[in-house]
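Chain and residue survey
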Amino acid sequence: MDVTATPAVQLRAQPSSRLWIRDWLKRLGFWFSVAVIISPAVFVFLWMLSLSLKNEIDNLAYPPVFIPNPPTFANFLQVFEQNSIGRYLWNSIVVSGGATLIALLIGVPAGYGIARTGAHRLTVLILIARMTPALSYLIPLYAVFQLLRLNNTLTALVITHLVITVPIIVYIMAGYFETLPRELEEAAEIDGAGVWTTFRYVALPLARPGIVVGVILAFIFSWNNFVFGAVLSGRETRTLPVAVYNVLTFEQLAWGPLAAAAIIVTLPVLLLTIIIQKEIVVGLTHGGVKGG
Amino acid sequence: MSCNAASWSRPGVVALRRRRYFYFILPALLVVFAVIIFPWFFTVWMSAFDWKIGSTPQFIGWDNYKGLLTNQRFLESVARTFYFTALAVIVPLIIGTIAALIFHRQFPFRGILRGVFIMPMMATPVAVALVWTMMFHPQQGVLNYLLSLVGIPKSLWVYSPQLVIPSLVLVEVWHWTPLVMLIVLGGLASLPTEPYESAKLDGASEWQLFRYITLPLVAPFLLVAAVIRTIDALKTFDTIYVITSGGPGTASETINLYLYLQAFAFYNIGNASAVVVIFFIIVLALALVLLHVREKTKWT
């Protein structure tokens, strides 16, 4: 071994500086491609931030001013003062929170039932639901809500948002319960626990990571939804995305407040994405789930 | 009663288990029926009526469908939707695969950078659309400034009937390439390592490794991504509605935009329902074609 090892070391030692440069260039090229691939995302979000922190003169300047100097929070103040953003924010929280909570209560047991009975045809149903355009739910639901005098109420919006949240939670939970080992549940049943007790005290605590992913994804896709609110909500019951589009684009055409409002809508979602990006990656890779 | 592993799969036990877990599934099933399945059937039913909000519905059979098939504006919107979808599937597939190959490697800050890369797909579509509207502005928009830096003349973007669809595809690509990346990344993570080791011993180049090993192995995942992307591209509504509302003229009026106008601007519910049914058949047909291709490629 010694005999073969020594010449190998010598051979490598000679062109080492050239190899080093090649290695270094390769690494540079790789980081360059990383920069290229993430730059569109970075640019659009930074531009959004830049627009929201500049006064109107800088926002309309050409060539554009990139760095706000000095940054101003006037746009954010204006959005909060002149519009009932607080109220729309609350509407969004009630609608997305309510729809996610109901989906959680009925979707987690359903996911468990599907996983334990192997009723996978039900998940196919959910996939077909995903294929249906959101607008096609809206026409019949709109007609029914009209009959029930529920149009323009938050209740109608919560019910409609179940179209988004229930499939996501059922799909993710069915997949998650499938990965849990059954031995613990079997042991509990031998000890005389019923199905419900086994679910409540054995399976449910183990499923917490899956529940977290399901809840966050369901909440985000419900939060982001625009078209349900655009059709079903009235002046007082608009959700945040609808309010940002309807109120701001008609009442003020200035770019600064618009960008500030866009940031207010999407910042909570972006923060959640960054915080739990690992879990989101896992949840989305398996399901390919997307709402609406 | 013995509860060993084998008892989980005995036929009698399966039936028993089905019944025991029925109540777990029941509430979700009821909700799915109420808000998902009922609307499907109600839509088909409504499509056979001349139904306008505020007036009594009249049964007219196939007339809504016949009207649509000779309706120039609707047929154009179908063609436009296909054009938009083709671009909005192919481009993200290519860029998403490249991005997945990059993020498949190990490098410092990989997690954070991947998080930044997937931010567009989680961002609220309305917010994204508003920012792109401002970026597309022909006079003060930042995109034209960026073009001028590399010597390309100013473009009208979404204000030009010819460029409006490609411009909207640009937003769509920005928005949804991360989802393709995630699906392909999942595929890459599941690949075996042996073929690579033996190919490297045989002196294969990086391109050859990609072309003859990686690509065939991730092909099923690319097809899944293509199916999902096709469905989503056909369904695109928020960004188009906010950025152009179908304009200029009807130059960006896709099926979904046409549908929205029929239903909630003209309150022509019967006609809109017929559009939904045709639209759903198109989505289903395209998805089935792509899944069929997948079945075929598995065996060859």
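Residues numbered from 1 in each chain as written. Chains lettered and ligands numbered in written order. Predicted model: local features only at pLDDT ≥ 70, side-chain atom pairs only at ≥ 80, totals over all residues.

A few words now on the overall build of chain A. Broken down by element type, chain A carries 15 helices and zero strands. Relative to its full complement of 292 residues, chain A shows a buried share of 44%. For chain A, the proportion of contacts with a sequence separation of at least 24, taken over those separated by at least 6, is 80%. (Helix = DSSP H or I, 4+ residues; strand = E, 2+ residues; numbered from the N terminus. Buried ≥ 20, exposed ≤ 12 C-beta atoms within 10 Å, placed from the backbone. Contact = placed C-beta atoms within 7 Å.)

We now examine the overall build of chain B. When helices and strands are counted, chain B shows 13 helices and two strands. Taken over C-alpha atoms, the radius of gyration comes to 24 Å for chain B, far larger than the 19 Å a tight globule of 300 residues would show. Projected onto its principal axes, the C-alpha coordinates of chain B cover approximately 75 × 70 × 35 Å. Out of the 300 residues belonging to chain B, those deemed buried represent 43%. (Rg over C-alpha atoms; globule rule 2.2 N^0.38 Å.)

We now examine the domain arrangement of chain A. Residue and element names in this part refer to chain A. Here the domain parsing of chain A yields domain 1 (2–52) and domain 2 (75–287). On the side of domain 2, eight residues touch domain 1, which itself brings four residues to the contact. Here the side of domain 1 that touches domain 2 is composed, by residue class, of three nonpolar, one polar and no charged. (Domains from an automatic or database assignment. Nonpolar A, V, L, I, M, F, W, Y, C, P; charged D, E, K, R; others polar.)

Turning to the interface of chain A and chain B, a few remarks are in order. On the chain B side, the residues contacting the 72 residues of chain A number 71 residues. Take the side of chain A that touches chain B: its biggest share by element is twelve residues, from helix α2 (residues 16–52) of chain A. Tallied by class, residues from the side of chain A that touches chain B come to 54 nonpolar, twelve polar and six charged.

Let us look at the domain arrangement of chain B. Bring the parts together and some accessible area is lost; that lost area is often taken as the interface size. Residue and element names in this part refer to chain B. Split by domain assignment, chain B resolves into domain 1 (5–63) and domain 2 (70–299). Distance between the C-alpha centres of domain 1 and domain 2: 31 Å. Contacts between the two partners involve ten residues from domain 1 and, on the opposite side, eight residues from domain 2. Among the elements that take part in the side of domain 1 that touches domain 2, helix α2 (residues 22–46) stands out by supplying three residues, more than any other. Among the residues making up the side of domain 1 that touches domain 2, the classes are represented as six nonpolar, two polar and two charged.

All names here are of chain A. Their axes nearest at 9 Å, the elements helix α8 (residues 154–179) and helix α11 (residues 208–224) cross at an angle of 160°. Taken together, the axes of α8 and α11 lie roughly antiparallel to each other. Crossing geometry of α8 relative to α11 is assigned as right-handed. Together, His161, Ile164, Thr165, Ile168, Ile169, Ile172, Met173 and Tyr176 of α8 and Gly210, Val213, Gly214, Leu217, Ala218, Phe221 and Ser222 of α11 make up the contact between the two elements. For the contact of α8 with α11, the per-class residue count stands at ten nonpolar, five polar and no charged. (Axes fitted to C-alpha atoms, helices over the stretch in contact; angles between N-to-C directions. Parallel < 35°, antiparallel > 145°, perpendicular 65-115°, else oblique. Left-handed = near helix turned anticlockwise from the far one by under 90°.)

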